[in-house]
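Architecture and fold: a report
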Amino acid sequence: AIGMGSLTSLDQLSEWFSAFAKIRKPLVIATWNNKKAVETAWDVLKSGGRALDAVEAGARIPESDPEDTSVGYGGFPDRDGFVTLDACIMDELGNAGSVVFLEKIMHPISVARRVMEKTPHVILAGAGAHQFAIEQGFKEENLLTEKAQKALDAWRIKSEYKPKINVERHDTIGILGLDQNGDLSGACTTSGLAFKMRGRVGDSPIIGAGLYVDNEVGAATATGLGEAVIKKVGSFSIVEMMRQGMHPEKACKAAAKRLLTIKSKDEFQVGYIAVNKKGELGAWALRPGFEAAVITQDGFQLIKANSIF
Ligand code: SD4
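Computed from a prediction, not measured in an experiment: that's the story for all the values here.

Conventions we followed
- Numbering of residues starts from 1 in every chain and runs along the sequence as written.
- At least 70 in pLDDT is required for a residue's local features to be given in this predicted model, at least 80 for side-chain atom pairs to be given and counted, and no such filter applies to totals for whole chains, interfaces and linings, which use all residues.
- To get the side-chain values, take all heavy atoms of the structure and skip hydrogens and water.
- We call a set of buried residues a nonpolar core when its members are Ala, Val, Leu, Ile, Met, Phe, Trp, Tyr or Cys and they connect through side-chain atoms within 4.5 Å of each other.
- Throughout this description, buried means an accessible area under 20% of the type-specific maximum (1.4 Å probe, protein chains only), exposed means over 50%, and partly exposed covers the range between.
- Any pair of residues with heavy atoms lying within 4.5 Å of one another is described as a contacting pair.
- Working definition: helices are DSSP H or I runs of at least four residues, strands are E runs of at least two. Numbering for both runs from the N terminus.
- Residues counted as positive are Lys and Arg, residues counted as negative are Asp and Glu, and His and the chain ends are not counted.
- Salt bridge, as used here, is a side-chain nitrogen of Lys or Arg placed within 4 Å of a carboxyl oxygen of Asp or Glu.
- N or O atoms closer than or at 3.5 Å make up a polar contact, with two conditions inside protein: a donor-capable atom paired with an acceptor-capable one, and, for residues adjacent in sequence, both atoms drawn from side chains.
- Paired strands, as defined in this entry, are two strands with at least two bridges between them according to DSSP.
- The directions from the helix axis to the C-beta atoms form the arc being described.
- With axes taken as lines fitted to C-alpha atoms, and helix axes fitted only over the stretch in contact, angles between N-to-C directions fall between 0 and 180 degrees.
- Throughout, the term roughly parallel applies to angles under 35 degrees, roughly antiparallel to angles over 145, roughly perpendicular to angles from 65 to 115, and oblique to all others.
- Rotating anticlockwise by less than a right angle from the far helix to the near helix defines a left-handed crossing, while the corresponding clockwise rotation defines a right-handed one.
- The pairing test for Phe, Tyr and Trp rings, Trp by its six-membered ring, is centres within 6.5 Å, and the orientation test on the planes gives stacked under 30 degrees, edge-to-face over 60, and tilted for anything in between.
- Disulfides are defined as cysteine sulfur pairs within 2.5 Å.
- Residues are grouped as follows: nonpolar covers Ala, Val, Leu, Ile, Met, Phe, Trp, Tyr, Cys and Pro; charged covers Asp, Glu, Lys and Arg; every other residue, Gly included, is treated as polar.

Note that soluble globular proteins tend to have their nonpolar side chains buried in a common cluster. Counting 50 residues, the largest nonpolar core has Ile 238 and Tyr 272 as the members making the most contacts within it. When neighbours within four sequence positions are excluded, Ile 238 is seen to be in contact with Ala 220, Ala 251, Cys 252, Ala 255, Tyr 272 and Ala 274.

A few words now on the side chain of Arg 287. Topologically, Arg 287 is positioned in the loop between strand E11 (281-285) and strand E12 (291-296). One buried charged residue, Arg 287, forms no salt bridge at all, with the nearest opposite charge on Asp 266 at 4.4 Å. Among the polar contacts made by the side chain of Arg 287, one reaches the main-chain carbonyl oxygen of Lys 265 at a distance of 3.0 Å. Among the polar contacts listed, one links the side chain of Arg 287 to the backbone oxygen of Phe 268, at a separation of 2.4 Å.

Counting buried positions along strand E2 (residues 27-31) yields five of five residues, so the element is predominantly enclosed. Side chains Leu 27, Ile 29 and Thr 31 project from E2 onto one buried face, and the interleaved Val 28 and Ala 30 project onto a second face that is buried too. In the sheet, E2 pairs with strand E6 (residues 173-178) via four bridges, with the strands oriented antiparallel. Counted as the bridge partner of Ile 29 is Leu 176 from E6. For E2 and E12, the ladder comprises four bridges, and the chain directions are antiparallel. Residue pairing in the sheet places Ile 29 in a bridge with Val 294 of E12.

With that settled, consider the environment of Arg 79. Summarising the element assignment, Arg 79 is placed in the loop between helix H3 (51-63) and strand E3 (84-90). Classification of Arg 79 by relative accessible area gives partly exposed; the value is 31%. Taking the C-alpha atoms as reference, Arg 79 lies 40 Å from His 247; in sequence the two are 168 residues apart. Apart from residues lying up to four places away in sequence, Arg 79 is in contact with Leu 152, Trp 155, Arg 156, Tyr 161, Phe 195, Lys 196, Met 197 and Arg 198.

Here the focus is the side chain of Gln 269. Its location among the elements puts Gln 269 in the loop between helix H9 (248-258) and strand E10 (270-276). Here the side chain of Gln 269 touches Leu 286 through a polar contact of 3.4 Å, landing on its backbone nitrogen. In terms of polar contacts, Gln 269 uses its side chain to reach the backbone carbonyl oxygen of Arg 287, at 2.8 Å.

Below, the discussion takes up H9. When H9 is considered as a whole, its buried residues turn out to be Pro 248, Glu 249, Ala 251, Cys 252, Ala 255 and Ala 256. Buried residues in H9, looked at end-on, bunch into an arc of 165 degrees, giving them a common side.

Our focus in this paragraph is the packing of helix H8 (residues 234-243) against H9. Between H8 and H9, the shortest axis-to-axis distance is 9 Å and the interhelical angle comes to 135 degrees. Here H8 is positioned oblique relative to H9, judged by the angle of their axes. Relative to H9, the crossing made by H8 is right-handed. Along the contact surface, H8 presents Ser 237, Ile 238, Met 241 and Met 242, while H9 presents Pro 248, Ala 251, Cys 252, Ala 254, Ala 255 and Arg 258.

Now for the packing of aromatic side chains. The tally for this structure, following the rule as stated, stands at four aromatic pairs. Taking 5.0 Å as the distance between ring centres and 85 degrees as the angle between the ring planes, the aromatic pair formed by Trp 32 and Phe 290 counts as edge-to-face. Residue Trp 32 is found in the loop between E2 and helix H2 (35-46), and its partner Phe 290 is found in the loop between E11 and E12; the two are separated by 258 residues along the sequence. There is no split in this pair, since Trp 32 and Phe 290 are both buried.

The next point concerns the pattern of salt bridges. Counted under the stated rule, the structure contains 14 salt bridges. Between Asp 53 and Arg 113 there is a salt bridge whose closest N-O contact spans 2.7 Å. On the criterion of sequence distance, the pair formed by Asp 53 in helix H3 and Arg 113 in helix H4 (residues 108-118) is long-range, its members being 60 residues apart. A relative accessible area of 12% places Arg 113 in the buried class. Across the salt bridge formed by Arg 200 and Glu 227, the nearest N and O atoms sit 2.8 Å from each other. Of this pair, Arg 200 sits in the loop between strand E7 (184-190) and strand E8 (211-214) while Glu 227 sits in helix H7 (residues 226-232), placing them 27 residues apart in sequence.

What the rule picks out here adds up to zero disulfides. With no disulfide partner, Cys 188 has as its closest neighbouring cysteine sulfur the one in Cys 88, 5.7 Å distant. With no disulfide of its own, Cys 252 lies 14 Å from the sulfur of Cys 188, the closest cysteine sulfur.

For the pair H2 and H3, interaxial distance at closest approach is 7 Å and the crossing angle is 155 degrees. Of the possible angle classes, the one that applies to H2 and H3 is roughly antiparallel. Crossing angle aside, the handedness with which H2 passes H3 is right-handed. Every residue of H3 that contacts H2 at Lys 36, Ala 37, Thr 40, Ala 41, Val 44 and Leu 45 is listed here: Ala 51, Asp 53, Ala 54, Ala 57, Gly 58, Ile 61 and Pro 62. A breakdown of the residues in the contact of H2 with H3 according to their chemical character gives nine nonpolar, two polar and two charged.

Written out as structure tokens, the structure reads:
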């Protein structure tokens with residue numbers, strides 16, 4: 001889609017693609033402008049690599065970027081000053097792995113993958129997840145940057161807990177890949193909401209809420225206020241709607257609409273993205289400002305998502 005300008009609507013893009021290709025593969029789509037992450041995932045897919053390896057590689061980019069304040073290293077801490085991380089991953093066989101409330105490990109997505117591949121469990125939490133990571137050879141590191149500490153100090157002056165719409169440089173990454181084999185995988189990783197209560201876990205590591213992959217149907221992932229996404233089991237609902245034949249764009253819209261029954265709907269943002277087996281894409285949000293990074297054989301596109309409000 002090079003030559004269409006850097007911003008385009010998803011409808012235009014879908015039209016353009018359906019005119020030129022039947023199954024668009026490989027491809028990668030991620031929440032927000034995670035350009036470097038999708039490019040990294042693309043490098044894996046273009047040489048015939050597995051979607052699982054691609055989404056893991058992509059998710060690791062913001063995890064180690066100190067400038068990204070909502071994922072991994074540099075992520076904003078909880079109100080007590082601890083950076084606590086959530087991540088999950090699903091492969092084309094329906095396997096799933098997750099870590100919640102993990103501290104001092106730079107790459108929770110890779111720990112989640114080890115949970116999936118090396119244990120009989122799906123979720124490991126807190127100290128147990130940390131112990132497992134160390135056993136697996138991950139290094140313990142300080143993830144609290146000076147910038148994040150300063151942001152916490154500034155927040156403490158008022159100590160007002162209010163998730164801010166779009167403005168937290170929301171870069172939590174949910175990333176979905178369709179490989180040359182036609183297989184789907186997905187990954188989602190975050191430091192959660194800035195200045196959250198200690199022990200709080202969001203949607204991102206919850207299978208079905210922050211991420212869901214069904215290789216027969218499609219995949220979906222979420223960003224924004226995790227509490228809202230969990231209540232609606234957002235990603236699973238999108239995959240189920242696609243299973244009934246809905247286009248990913250319509251399914252994301254329908255899932256976004258379901259958020260309207262939440263009482264605090266005027267105070268938060270949620271964004272959903274999805275892909276089906278044909279490589280058709282969807283992105284929809286509760287309010288304006290959400291975007292998705294897409295990469296295909298035709299290059300990189302930053303998609304401006306439509307929104308309910
Ligand atoms: C959470 N969904 O922990 C995450 C936050 C997020 O961009 O997406 N931030 O609720």
